[in-house]
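# Report on the structure
Residue-level listing of the chains:
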Amino acid sequence: MLEHGAATLILGAQYGDEGKGKLVDVLAEHADLVCRVQGGNNAGHTIWVKGEKIVTHLMPSGVLRENCEVAIGAGVVVDPFVLAEEMSGLSAKGFDLRPERFSVDYRAHVILPYHKAVDMQRELSRAKAGAAIGTTGRGIGPAYASKAYRDGPRMIDLTTPSYFDAWLAQHPHMEEGLSSDVRAALMGIGKQLAPHLKDVAMMACNRMAVGGRVLVEGAQGAMLDVSFGTYPYVTSSSLVAGACAGGLGIPPWKLKNVVGVIKAYATRVGNGPFPGELSGALETRIREVGREFGSTTGRSRRVGWLDLVALRYLARVNGLTGLAIMKADVLSGLEDVGLVTAYRDARTGKIAEGSPMSAEAWNAMEPVVEFCPGWDFVVSDTSETQGQPQPKDSPVSPAYAHFLKKVEDFVGVPIVYASTGPERTEGVWLGPEDVPFGALRP
Ligand code: GDP
Ligand code: IMO
Ligand code: MG
């Protein structure tokens, strides 16, 4: 179970798209409140329930479970048009999105058409200089920039048209893309959302004060963190554990469990360093089998081996208490599976110590890859035809167990969950019950 009176953070521990949405959906069955706390609709979290695919962008993935409330915290940047569309799609499917169940912090900042236009323009000019980031084009960076400039409107400002008009008169450059029709539609959405706007920070604290279980749904992956990621090839928000507490507005010490989500391999969308990146037939095979195409933009994801150097770094920065490893089924049938265990600096030929500090240093990093024997099946199979009998207490196959042990030993963080397929029922809980994150076991 999730711990009562505390929060559990599900944090992407690679470059995003690790399978956070699936894990949040699995755990939300035991949560009282599920919150998004940073990023915006650059996120795309895919969940499969009984063969039906549901993708959330702004809505916390807990929305699919009836037992919990869901909320968007103050640290998120909200595109109201996207939120309204997502709400109507989910309501049409029968999910409860009444204001009693779904809240948005009134302090969350708004993404306007202007921000999306600036995002695109800046990408174009960076591309001309050969330095495109490959953003999602959703206006995320410019919206956070407006927040830092103290120029941007907040969700509460959409609820009173006269306030919004007065704000717009002070910031005329943000009128771009706000024709009278678009403006009227925006005010309509503001009115619709007004009953949902609350002090989500206080809500989360109040829930925990009476023993409630809060699940925090991270977005993106910590290697895309604006301070600790592969800058400048990062997103524009802080994604690390401490910042997630801040994005919701709860004391950091209330985050009792920080679960880093990883795949058994790695993917990255957009540009930037990616030690361990694969190419050719193997990359294509993993991309096709793993359906590695962006949930938000449809772009092909770059594919590589699991990078233990980066993971160990993120375990330290975030204080990971457990790891959830996803998608090992995608690698089934490979003769061997690689793990990046060091970086070699091409400039000196030596093994690099610590994290690369500059873009040049990142470019010079060559991966040292160690190989483990591959597996044909992820979960133990005792049938005579498919595998040899397994010890009763080992839910995963011997070859995969060996791989997991290597990851745990290198990173120093126990693996608590192994996902074996996209459906919410496909996965096993690992590790002894008495370890602190054993509390995570449903
Ligand atoms: P998120 O952004 O971290 O929530 O991840 P995405 O949803 O963008 O991408 C993860 C993809 O992997 C989704 O399509 C999931 O349905 C899928 N997925 C999650 N866990 C597993 C797994 O164990 N096996 C397989 N084959 N697919 C999985
Ligand atoms: P989820 O929550 C993967 C990447 C973009 C780009 C960089 C900056 O689904 O894991 P931005 O639009 O944020 O300014 O783009 O960050 N990126 C993601 N990659 N998963 C995500 O979210 C991402 N959100 C942003 O591809 O490289
Ligand atoms: Mg995603």
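Report follows, based on the coordinates. No experiment lies behind these values; they were computed from the predicted model shown.

The rules behind the values
- Residues numbered from 1 in each chain as written.
- Chains lettered and ligands numbered in written order.
- Predicted model: local features only at pLDDT ≥ 70, side-chain atom pairs only at ≥ 80, totals over all residues.
- Heavy atoms only, no water.
- Near = heavy atom within 4 Å.
- Polar contact = N/O pair within 3.5 Å; in protein donor to acceptor, adjacent residues only side chain to side chain.
- Helix = DSSP H or I, 4+ residues; strand = E, 2+ residues; numbered from the N terminus.
- Nonpolar A, V, L, I, M, F, W, Y, C, P; charged D, E, K, R; others polar.
- Donors = N, O, S within 2.8 Å, 3.2 Å for Na, K, Ca; no water.
- Buried < 20%, exposed > 50% of the residue type's maximum accessible area, 1.4 Å probe, protein only.
- Pairing = 2+ DSSP bridges.
- Areas by Shrake-Rupley, 256 points an atom, 1.4 Å probe, with all protein chains shown as cover.
- Contact = heavy atoms within 4.5 Å.
- Phe/Tyr/Trp six-rings, centres within 6.5 Å; stacked < 30°, edge-to-face > 60°.

## Topic: the site of ligand 1
Neighbouring ligand 1 are 20 residues; Lys20, Gly44, Thr46, Asp329 and Ser419 lie closest to it. Contact distances for ligand 1 include 2.8 Å between an oxygen atom and a backbone N or O atom of Gly19. Here Arg301 contributes a side-chain N or O atom positioned 3.1 Å from an oxygen atom of ligand 1. Broken down by secondary-structure element, the contributors of at least two residues to the shell around ligand 1 are helix H1 (20–28) and strand E3 (45–49). Looking at the shell around ligand 1, its residues break down into 4 nonpolar, 9 polar and 7 charged.

## Observations regarding the coordination of the magnesium ion (ligand 3)
Only Asp17 (OD) and Gly44 (O) from the protein coordinate the magnesium ion (ligand 3), and they sit 2.0 to 2.2 Å from it. With Asp17 in the loop between strand E1 (6–12) and H1 and Gly44 in the loop between strand E2 (33–36) and E3, this pair connects stretches of sequence that are 27 residues apart. Look at Asp17 and you get partly exposed, because its relative accessible area is 22%. Given a relative accessible area of 9%, Gly44 falls into the buried group.

## Some points on the sheet that holds strand E5 (residues 69–72)
Reading across from one edge, E9-E7-E5-E2-E10-E1-E11-E14-E18-E19 is the order of the 10 strands in this open sheet, with mixed pairing throughout. Every interior strand has two partners, whereas the edge strands, strand E9 (197–198) and strand E19 (427–429), have only one. Pairing analysis gives 6 bridges linking E1 to strand E11 (residues 255–263), with the strands arranged parallel. Paired with Leu9 across the bridge in E11 is Val258.

## Looking at the site of ligand 2
In the vicinity of ligand 2 lie 20 residues, with Asp17, Lys20, His45, Thr136 and Thr235 positioned nearest. The contact in question runs from an oxygen atom of ligand 2 to an N or O atom on the backbone of Gly134, over 3.5 Å. In isolation ligand 2 exposes 550 Å². Once the protein is present, 98% of that is buried.

## Description of helix H4 (residues 140–149)
Within H4, the full set of buried residues consists of Ile140, Pro142, Ala143, Tyr144 and Ser146. At its buried positions, H4 is contacted by strand E6 (77–78), strand E8 (109–110) and helix H3 (113–128). Note on H4: the residue one or two positions beyond its end, Arg150, has a positive phi of about 65°.

## As for the packing of aromatic side chains
Enumeration according to the criterion identifies 8 aromatic pairs in this entry. Summarising the aromatic geometry, the rings of Tyr417 and Trp429 are spaced 4.8 Å apart at their centres and angled 50° between planes, so their arrangement reads as tilted. Note that Tyr417 is positioned in strand E18 (residues 415–419) and Trp429 in strand E19, a separation of 12 residues in sequence. Trp429 matches Tyr417 in its accessibility class, with the two residues each being buried. Among the aromatic residues, those joined into a cluster by ring pairs are Trp375, Tyr400 and Phe403.

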